[in-house]
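Geometric and topological summary
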Amino acid sequence: MTRNPVFWRAKGRRPFSDVDFVVVFIVSENWWLRVAASPVELPETFMIAHRYAASRMFERPRGTNDWGPEDMAKRRFVESRFIQLAESFGFREVSTPTFESLDLFTAKSGSAIVRELYAFKDQGGRDLALRPEFTASILRFYVSDLRSRPKPIKVYTTGNVFRYEEPQKGRYREFFQLNAEIIGGATLPSDAEVLALAIGTMRAIGLKQVKARIGNIGILRGFLPFAPADQAVVLHSLDKRNFPMLDAELDRLGRPDLSKALRQLVELSGDVSILDQAAKILGSEAGAGFEYLRKIADLLDAYGVSQQDYAFDMGVVRGLDYYTGMVFEIDSPNLGAEKQVGGGGAYNLAEVFGGERIAQTGFALGLDRLVMSAEAERATETPRPLDAYVVPIGEGVQKKAIEVLMSLRAAGLGADIDLVGRGPSKNLDYANAIGARYAVLLGEKELKASKATVRDMASGVQREVPLTDLVDAILSRPARGPEPAKPKRRAAGTRAERSRRR
Ligand code: AMP
């Protein structure tokens, strides 16, 4: 917290007008120091001192992230790969509110979920919560509005979600998800379609090391002869691999005999052959569930999904009550503890929200973690560089330079212009620093001849181009003229500018 400034007068207690300089200390978290060159500057010095004293630096809230231009380019890259693929699969984009009625989430996940939410009352006293995911909102939207549309309904959405979690690397309080849902399709083809989209997104991003683990919670539910609430506790202990808790629950429910089979089952992971082993452990009753997974494997094959890209894993439980059948998770081995980049499966929520019984399946991918994973696998694209940076030379050319700039922008090129009023040399330094492909130098002489000097920033080659050919010149590959670059960076204006600054 910044406090009031404390002043010491230089040279004892002489009046301010009588001293050569004054040092102003402001006691704060950051120490600011200003030296007034002469007593004339004193009022300004005090003003600045008070301004510093009054302003404090803000930190972003815990568990949130700022995204600078480079990170944002990576995020948009990953997101756009998902969007392109989802569109090509016939999914259509929807958007739902960032906050919803709190009841929506407690109806879906029980009252304990409130601890994990950003829940609040608005000024009208309504209980609301920032969305912690998309599925609840989409199913609410389906039940209230989308129901009458032809089935299946295939929608996707992207955006930020909020959870009150203990932040760590890869685990945030605000993060981003890519979400897709199919409502009202037949179960098997819909499950295969969402799996193909989720796994395909990994490939479209260029991730090679991530792998999906596919299970079937329906098999486990069928095997556990308990009421839904008891089943949920047992499934939760399996999800967390908390075997002491599992044993305690099975004891309480009078079925300790199930422990061995369940422990063996959740450890099974591998190719389609593990389904036979799992079937042996559970006996004939679970046969249909394993047959279902075999059919999923067949369909994934038809989608061109390689067997390297997934494993069957009977330990994928996804602990939530509303999952009914196929469930899956996707891991990136590069991410350490928070390695899960996505998860989903078949569920039943429409009924919970007052709708009909209808098949629903979908997934959510964690965009923040996908970006981290893409960075680790060096899969992100280098952002497209700025095509042209326009450098007006002299004040008289400003308007014309803006017209040239706008003609480049209108042609779909990325173009920017000096907004600082730098001299040509500093402008070229800037164009270089921002990675512009070309600098377009516009002086009075060039403009009189309706020309511009175009400088290829990589090679330094400069050439004069008629303004009518400017777009083509910038669209074309970099110039390789016979003449080496004229080092115009030492232009007269520049030197003058330098000396002026001194
Ligand atoms: P979920 O809705 O819990 O199934 O999460 C779907 C995906 O969102 C996960 O696989 C993670 O990649 C991502 N995710 C979940 N929680 C967080 C979080 N707190 N911070 C960042 N990403 C998260």
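Residues numbered from 1 in each chain as written. Predicted model: local features only at pLDDT ≥ 70, side-chain atom pairs only at ≥ 80, totals over all residues. Heavy atoms only, no water.

If you look at soluble globular proteins, the nonpolar side chains tend to sit buried side by side. In terms of nonpolar packing, the biggest core is built from 100 residues, with Leu-238, Leu-262 and Met-314 touching the most fellow members. Considering every element that reaches this core, the biggest residue donor is helix H5 (residues 187-205), with eight residues. Apart from residues no more than four positions distant in its own chain, Met-314 is found in contact with Ile-214, Gly-215, Leu-220, Leu-265, Val-266, Leu-268, Ile-274, Leu-275, Ala-278, Phe-290 and Leu-293. If you look at the next biggest cluster of nonpolar residues, it comprises 20 residues, including Ala-401, Leu-408, Val-440 and Leu-470. (Core = buried A, V, L, I, M, F, W, Y, C linked by side-chain atoms within 4.5 Å. Buried < 20%, exposed > 50% of the residue type's maximum accessible area, 1.4 Å probe, protein only. Helix = DSSP H or I, 4+ residues; strand = E, 2+ residues; numbered from the N terminus. Contact = heavy atoms within 4.5 Å.)

Turning to the site of the ligand, a few remarks are in order. Taken together, 14 residues lie near the ligand, and Arg-163, Glu-165, Tyr-172, Arg-318 and Gln-340 sit nearest. At 3.4 Å from a nitrogen atom of the ligand is found a main-chain nitrogen or oxygen belonging to Gly-170. Val-341 is positioned such that a nitrogen or oxygen atom in its backbone is 3.3 Å from an oxygen atom of the ligand. Broken down by secondary-structure element, the contributors of at least two residues to the shell around the ligand are strand E9 (174-183), strand E14 (340-347) and strand E15 (360-366). At three residues, the largest contribution of residues to the shell around the ligand is made by E14. Among the residues making up the shell around the ligand, the classes are represented as four nonpolar, five polar and five charged. (Near = heavy atom within 4 Å. Polar contact = N/O pair within 3.5 Å; in protein donor to acceptor, adjacent residues only side chain to side chain. Nonpolar A, V, L, I, M, F, W, Y, C, P; charged D, E, K, R; others polar.)

Time to look at the packing of helix H8 (residues 243-252) against helix H9 (residues 259-266). Between H8 and H9, the least distance of the axes is 10 Å, while the angle of their chain directions is 145 degrees. The interaxial crossing formed by H8 with H9 has right-handed handedness. Where H8 abuts H9, its residues Phe-243, Leu-246, Asp-247 and Leu-250 lie against Ser-259, Leu-262, Arg-263 and Val-266. (Axes fitted to C-alpha atoms, helices over the stretch in contact; angles between N-to-C directions. Left-handed = near helix turned anticlockwise from the far one by under 90°.)

On inspection of all chains with the given rule, the structure shows twelve aromatic pairs. Geometrically, the ring pair formed by Tyr-322 and Tyr-323 is stacked, given 5.1 Å between the ring centres and 25 degrees between the ring planes. For Tyr-322, a relative accessible area of 9% corresponds to the buried category. For the ring pair Tyr-323 and Tyr-347, a centre distance of 6.5 Å and an interplane angle of 85 degrees mean the geometry is edge-to-face. Of the two residues, Tyr-323 is situated in strand E13 (residues 323-331) and Tyr-347 in strand E14; the sequence distance between them amounts to 24 residues. On the accessibility criterion, Tyr-347 (4% relative accessible area) is buried. Ring-pair connections join several aromatic residues into one group, and the members of that group are Phe-82, Tyr-156, Phe-328 and Phe-363. A cation over a ring is seen here: Arg-75 above Phe-176, with NZ or CZ 3.8 Å from the ring centre. (Phe/Tyr/Trp six-rings, centres within 6.5 Å; stacked < 30°, edge-to-face > 60°. Lys NZ or Arg CZ within 6 Å of the ring centre and 35° of its normal.)

Turning our attention to the environment of Arg-126. Inspection of the secondary structure assignment puts Arg-126 in the loop between strand E6 (119-121) and strand E7 (127-130). Taking the C-alpha atoms as reference, Arg-126 lies 7.8 Å from Ser-101; in sequence the two are 25 residues apart. Apart from residues no more than four positions distant in its own chain, Arg-126 is found in contact with Phe-120 and Lys-121. Among the polar contacts made by the side chain of Arg-126, one reaches the side chain of Asp-122 at a distance of 2.8 Å.

On to the pairing of strand E20 (residues 462-466). Side-chain positions along a regular strand alternate between the two faces of the sheet. In this sheet, E20 lies alongside strand E19 (residues 451-456) in antiparallel orientation, the contact comprising five bridges. Counted as the bridge partner of Ala-452 is Val-465 from E20. The antiparallel pairing of E19 with E20 creates a hairpin that spans five residues between the two strands, and Gly-460 there sits at a positive phi of about 85 degrees. (Pairing = 2+ DSSP bridges.)

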